[in-house]
Amino acid sequence: MPESQSQFFVVGITHVDLAWKRGRAEMSEMMEIVVIRLLDALEQNPDYRYHLEQASHFRELQRRRPDLIARLRPFVEEGRIEMAGGMASTLESNLPNGECFVRNQQIGLQWVRDTWGVEVKTGWLVDTFGIPAQVPQILKGFGIHQLMASRFGGSHTRDLFLASGLDGSQVTVAGWGSYAAYIHPENVAWRFYKNWDDIEACFARADQLTGPGPFLVLPYTENEMLVSLRPQQLVAARQRERPDQSWRTATPAEFFAALAKTGRILPVVDGDLNPEFTGCFSLRHAIRTENRRVETRLLEAEKWAALARLDRGAALEAAWWELAYVQFHDVFTGSHPSEVFHNVMQVLREVESAADTVLFEALTQIVPPTDAAISGKQDRVSVALFNGLPWNRNDIAEVPLPSGWSGVSRVTDSHGASCPFAVEGDVVRVRSEAAATGYAAIEMEFGASPVAGWEAAATATLENEWVRAEFDPVQGIRKLIWKPTGAVLMENAQSWLVAQRDDGNFQIENPAGPEVTASSGTLRLEERDSLLGRSVRLSGEFPVLPWAGVGNHLHWSAEFFLPTHRPILRLSLRLDWKGEGTRVRLTLPTQIDSSTGIYEVPFGVVRRKPYSPRTNAKGEWPAHRFVALEDDRQGIALINTGVGGVEVSGGTIYTTLLRAPKGEYSGMVADSTSSQHGTHGYVFAIAPYAGSWADAGVVQAAQEINSPLLTSGRSVSESVFAPLLSLEPATVVLSGIKAASDGSGDLIVRVYETAGRKAEVRLVLPSVGQVWICDLREDLQTEIKTTGANELLFALQPFQIQTLRLKRDVSQKEESPN
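Residues numbered from 1 in each chain as written. Predicted model: local features only at pLDDT ≥ 70, side-chain atom pairs only at ≥ 80, totals over all residues. Heavy atoms only, no water.

**Student:** I keep staring at the overall build of the protein chain and nothing clicks. Help me out?
**Tutor:** Along the backbone of the protein chain there are 13 helices and 48 strands. The C-alpha radius of gyration of the protein chain comes to 28 Å, within 12% of the 28 Å expected for a compact globule of 818 residues. Principal-axis analysis of the C-alpha atoms places the extent of the protein chain at approximately 90 × 70 × 50 Å. The buried share of the protein chain, reckoned over its 818 residues, is 62%. In the protein chain, once contacts between residues fewer than 6 apart in sequence are set aside, the share between residues at least 24 apart is 76%. For the protein chain, the accessible area works out to roughly 29,000 Å², and carbon and sulfur atoms hold 48% of it. (Helix = DSSP H or I, 4+ residues; strand = E, 2+ residues; numbered from the N terminus. Rg over C-alpha atoms; globule rule 2.2 N^0.38 Å. Buried < 20%, exposed > 50% of the residue type's maximum accessible area, 1.4 Å probe, protein only. Contact = heavy atoms within 4.5 Å. Areas by Shrake-Rupley, 256 points an atom, 1.4 Å probe, with all protein chains shown as cover.)

Have a look at this one:
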């Protein structure tokens with residue numbers, strides 16, 4: 001090809017959802033039809049190329065139609081089909097745990113390698129709802145240096161650039177900002193097609209590109225739109241008629257290879273490519289709150305099975321494939337019919353059951369029980385508490401009340417010291433110290449339990465060493481004070497719970513009119529004491545909302561609990577809702593003069609400012625486990641357990657609890673599940689602090705709220721306190737522990753630095769032999785040495801993700817390193 005020729009690479013793709021407007025089984029059938037049509041095109045046209053995505057589709061197709069998978073293989077091997085992304089599913093990458101992204105990519109890449117014998121070259125996050133800032137580092141950890149994507153946060157004007165992650169990692173991104181107001185027509189011509197006119201319009205856009213080339217032409221279609229040979233025909237015609245141009249059907253990898261040869265210097269943009277479709281953050285919120293709980297359970301099962309040397313890799317991998325379906329972006333966001341919603345919730349229950357089976361087996365192997373279950377046949381019962389976090393932890397655990405017991409009179413820890421506790425129904429809530437990534441025993445004695453009931457109050461106060469919170473029936477939250485400095489962080493927070501008209505649809509909110517506060521309706525105030533701390537309960541009903549339909553109601557209750565031992569206010573909120581066209585928000589109007597939010601994201605933290613409303617984003621950003629707001633003296637953090645849309649503006653933190661859209665979107669209409677009729681529960685923590693969030697324990701608090709202490713539900717004979725693994729400093733997070741995927745018995749430990757600082761890390765490990773740094777594929781890179789006593793010292797750069805591979809001594813049982 002003469003160097004003077006402009007190169008045009010025409011890359012075809014049919015994106016088939018795992019589920020969206022139709023259910024999972026129907027979409028599998030649709031994928032089968034697409035593959036049959038694609039195979040026909042490939043077999044009849046020797047120059048034809050295409051690319052595929054999402055290994056879940058082909059894993060299912062392999063089960064039902066192995067003949068089609070076998071027919072695809074030679075085309076994959078020849079390079080005429082590229083498997084882009086290689087993920088199990090194109091997951092919603094902002095709100096699930098970062099480990100979910102890693103597992104999704106791991107199992108998908110392994111399936112592609114085992115089935116088709118190729119390595120994935122190009123990342124793929126097309127149609128997902130924004131891209132978090134650590135994706136460049138994650139992709140590079142898998143050996144992927146280029147990415148196709150289609151949603152960049154609505155404000156980026158480039159179609160070809162380098163996305164720079166928090167640690168400085170960069171990947172080349174090509175694509176289109178599908179909701180951007182304007183994109184420079186330089187390098188990429190994209191159009192969604194339903195017919196030949198759309199395809200020809202895509203090629204007409206290619207004629208308008210102004211960049212130096214090579215050029216990427218993307219006739220893109222989805223779901224029921226079948227593969228068309230019209231692009232091949234247009235390519236052949238242009239190749240004949242335009243001697244100064246080179247046209248070909250191609251794969252993404254071929255485009256990126258041609259780009260690399262040019263040596264072009266591309267613009268660099270911030271890798272935090274958000275926000276997109278913020279209306280989905282609170283649509284069918286139960287998916288995201290249940291996902292948070294279930295993904296945590298699955299990660300705990302994986303962790304404890306690895307520490308117990310329990311080989312349950314097949315069961316865990318099967319669960320990860322199912323969770324990949326739940327976290328597929330159009331499923332996870334809740335924007336689908338009720339049939340899909342009910343199926344998603346069922347899959348989450350099945351994943352949780354699978355995780356619990358492995359977790360129970362692992363915990364009982366680490367600390368063998370004395371009998372089959374906690375029983376009321378004895379006056380004393382010892383129970384092991386398991387802490388999956390890498391520091392000694394003084395926290396409240398929930399332990400089943402032994403069957404046959406009417407109460408508990410005393411609880412002691414492994415050192416014989418009394419533990420504060422409270423019996424609530426059939427659960428004993430007890431505060432005890434638990435060992436770092438380890439276990440400790442408590443002993444419960446049968447007897448009469450302390451009784452603490454709710455009492456009506458005109459005003460109420462929660463207070464411990466650090467925090468004072470005042471409440472009344474008019475203001476709700478009257479004052480929140482950080483006692484060490486006397487700083488008033490909140491005052492007269494009458495608008496802490498509000499409802500507002502929302503004229504939006506399933507994916508895009510459209511708030512209108514003034515907010516209605518909870519205090520404008522009826523409000524009751526109650527208080528309660530226990531050995532664990534003090535609680536205040538506010539409850540009431542909103543007035544009838546004139547826009548929300550006939551018979552609408554919004555009843556609510558909010559329990560604020562301040563434990564005696566820590567400066568964190570836990571909020572348990574319940575809503576009973578029926579209505580339409582409304583959003584309900586929790587707001588924290590603070591006295592802090594700042595509009596910069598500090599948002600946790602998968603594998604790190606970013607700072608974000610308010611933005612002007614965009615086509616599909618109206619104020620909120622995605623948050624992982626917390627958002628903090630601070631000045632140079634103090635701050636306040638809101639910790640969530642799955643409700644991830646947060647706006648920070650004018651010193652106030654806003655988060656939408658639920659939306660009830662009434663507008664149609666892409667053929668989907670509102671019903672009782674999309675309007676979220678019924679009773680809903682939420683758990684948050686409000687954490688005031690002095691200084692910086694990074695030094696105030698916010699990261700640890702967010703992990704503790706989301707990773708409660710575990711118990712096997714079995715009695716034990718040991719009085720133990722046994723840490724298995726510890727990690728310092730607090731700004732380095734233990735991301736995951738698992739058995740190596742190759743079945744070798746090696747232990748994989750992943751950590752990351754989250755405060756943007758260099759860190760000298762001290763990791764105390766179980767008994768190990770050799771230790772290597774490895775990549776996210778778990779391939780060995782560099783051996784590192786322990787310092788003795790199973791202690792490992794190493795440095796992390798700001799926001800660095802580090803994966804370690806540990807060779808364990810198979811002759812030794814796991815022992816406490818301390």
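**Student:** Help me understand the packing of aromatic side chains, please; the structure alone is not making it clear to me.
**Tutor:** The relation between two aromatic rings is expressed through the spacing of the ring centres and the mutual angle of the planes. Counted under the stated rule, the structure contains 25 aromatic pairs. Between the aromatic rings of Tyr-179 and Phe-277, the centroid separation amounts to 5.0 Å while the plane-to-plane angle is 75°, which identifies the pairing as edge-to-face. Here Phe-277 lies in the loop between β12 (268–270) and α9 (286–307) and Tyr-179 lies in the loop between β8 (170–175) and β9 (188–192), a separation of 98 residues in the sequence. A relative accessible area of 24% places Tyr-179 in the partly exposed class. The buried category is assigned to Phe-277, whose relative accessible area is 0%. Linked through ring pairs, Phe-8, Phe-203, Phe-215 and Trp-247 together constitute an aromatic cluster. Above the plane of the ring of Phe-561 lies Arg-429, whose end atom (NZ or CZ) is 5.4 Å from the centre. Looking at Arg-537, its charged tip hangs above the ring of Trp-454, at a distance of 4.3 Å from the centre. (Phe/Tyr/Trp six-rings, centres within 6.5 Å; stacked < 30°, edge-to-face > 60°. Lys NZ or Arg CZ within 6 Å of the ring centre and 35° of its normal.)

**Student:** When you look at the pairing of strand β11 (residues 245–249) in this model, what are you seeing that I'm missing?
**Tutor:** Two faces belong to every sheet, and in a regular strand the side chains alternate between them. In terms of burial, β11 is largely enclosed, as 4 of its 5 residues are buried. Pairing geometry for strand β1 (residues 6–10) and β11, over 5 bridges, is parallel. Residue pairing in the sheet places Ser-6 in a bridge with Gln-245 of β11. (Pairing = 2+ DSSP bridges.)

**Student:** Quick question: what am I supposed to make of the nonpolar core here?
**Tutor:** Side chains of nonpolar character tend, in soluble globular proteins, to be buried together. Phe-58, Trp-304, Tyr-325, Phe-386 and Trp-693 are the most contacted members of the largest nonpolar core, which has 138 residues in total. Aside from chain neighbours lying at most four places away, what touches Trp-304 is Leu-359, Ala-362, Leu-363, Ile-366, Phe-386, Asn-387, Gly-388, Thr-437, Gly-438, Leu-710 and Leu-724. Formed by 60 residues, the second largest nonpolar core is a distinct cluster that contains Val-516, Phe-542, Leu-586 and Leu-657. (Core = buried A, V, L, I, M, F, W, Y, C linked by side-chain atoms within 4.5 Å.)

**Student:** Teacher, can you tell me more about the sheet that holds β8 here?
**Tutor:** Sheet strands pair by backbone hydrogen bonding; their relative direction is either parallel or antiparallel. Reading across from one edge, β5-β6-β8-β7-β12 is the order of the 5 strands in this open sheet, with mixed pairing throughout. Single-partner strands in this sheet number two, and they are β5 (122–125) and β12. Ignoring which end each strand starts from, the neighbouring axes of this sheet average 35° apart. Bridge analysis of strand β6 (residues 146–149) against β8 gives 4 bridges, and the strand direction is parallel. Paired with Leu-147 across the strands is Val-173, a residue of β8. In this fold helix α8 (residues 252–262) packs onto β5, β6, β7 (160–164) and β8, with an angle of close to 125° to the strand it touches most, β6. (Axes fitted to C-alpha atoms, helices over the stretch in contact; angles between N-to-C directions.)

**Student:** What is the right way to look at the pattern of salt bridges in this model?
**Tutor:** A side chain of one charge can pair with a side chain of the opposite charge if their charged atoms are brought near each other. Across all of its chains, the model carries 69 salt bridges by this definition. A salt bridge links Arg-65 to Glu-32, with the shortest nitrogen-to-oxygen separation between them at 2.9 Å. Within this pair, whereas Arg-65 is found in the loop between α2 (55–64) and α3 (66–78), its partner Glu-32 is found in helix α1 (residues 24–44), the two being separated by 33 residues in sequence. By relative accessible area, which is 24% here, Arg-65 ends up partly exposed. A salt bridge links Arg-242 to Asp-207, with the shortest nitrogen-to-oxygen separation between them at 2.8 Å. Pair noted here: Arg-242 is in the loop between α7 (230–241) and β11 and Asp-207 is in helix α6 (residues 196–207), with a separation of 35 residues, a long-range link. With relative accessibility at 23%, the residue Arg-242 sits in the partly exposed group. Look at Asp-207 and you get partly exposed, because its relative accessible area is 34%. When salt bridges that share partners are traced, they join Glu-32, Glu-60, Arg-63, Arg-64, Arg-65 and Asp-67 into one network. (Salt bridge = Lys/Arg side-chain N within 4 Å of Asp/Glu carboxyl O.)

**Student:** Looking at this structure, how should I read α7?
**Tutor:** For α7, which comprises 12 residues, the first-to-last C-alpha distance of 17 Å matches the rise-based estimate of 16 Å (1.5 Å per residue) to within 8%. Considered for burial, the residues of α7 that qualify are Arg-230, Pro-231, Gln-232, Leu-234, Val-235, Ala-237 and Arg-238. Those residues of α7 that are buried lie in contact with β1, α6, β10 (215–222) and β11. (Expected span 1.5 Å × (residues − 1).)

**Student:** For this particular structure, what's the right way to read the layout of surface pockets?
**Tutor:** Gaps left between atoms show up when a probe the size of a water molecule is rolled over them. The space that makes up the largest pocket amounts to roughly 1,400 Å³. Lining of the largest pocket is provided by 45 residues; of these, Glu-398, Arg-570, Val-683, Ile-705 and Pro-708 occupy positions nearest its centre. The element that contributes the greatest number of residues to the lining of the largest pocket is α9, accounting for 8 residues. Looking at side-chain class alone, the lining of the largest pocket contains 14 nonpolar, 14 polar and 17 charged residues. (1 Å grid on protein atoms, 1.4 Å probe; cavity = no way out; pocket = protein on both sides within 12 Å on 5 of 7 lines; lining within 4 Å. Points joined across faces, edges and corners; volume = space filled by probe spheres on them. Nonpolar A, V, L, I, M, F, W, Y, C, P; charged D, E, K, R; others polar.)

**Student:** Looking at this structure, I do not really get empty space enclosed by the protein. What am I missing?
**Tutor:** Summed over the entire model, instances satisfying the criterion amount to 6 cavities of 30 Å³ or more. Put simply, the largest cavity is a space of about 280 Å³. Taken together, 24 residues line the largest cavity, and the ones lying closest to its centre are Asn-97, Leu-299, Arg-625, Leu-734 and Ser-735. Looking at the lining of the largest cavity, the elements with two or more residues in it are α4 (98–116), α9, α13 (698–706) and β42 (732–739). Of the residues assigned to the lining of the largest cavity, the class counts are 8 nonpolar, 9 polar and 7 charged.

**Student:** It is not clear to me how the sheet that holds strand β23 (residues 487–493) should be interpreted in this structure. Could you clarify?
**Tutor:** Strands sit in the order β20-β21-β22-β23 across an open sheet of 4 strands; the sheet is antiparallel. The outermost strands of the open sheet, each flanked by one partner alone, are β20 (460–463) and β23. Taken pair by pair, the neighbouring strands of this sheet meet at an average axis angle of 10°, ignoring direction. Two elements, strand β22 (residues 476–482) and β23, share 5 bridges in a ladder whose sense is antiparallel. Considered in β23, the bridge of Leu-480 is made with Met-490.

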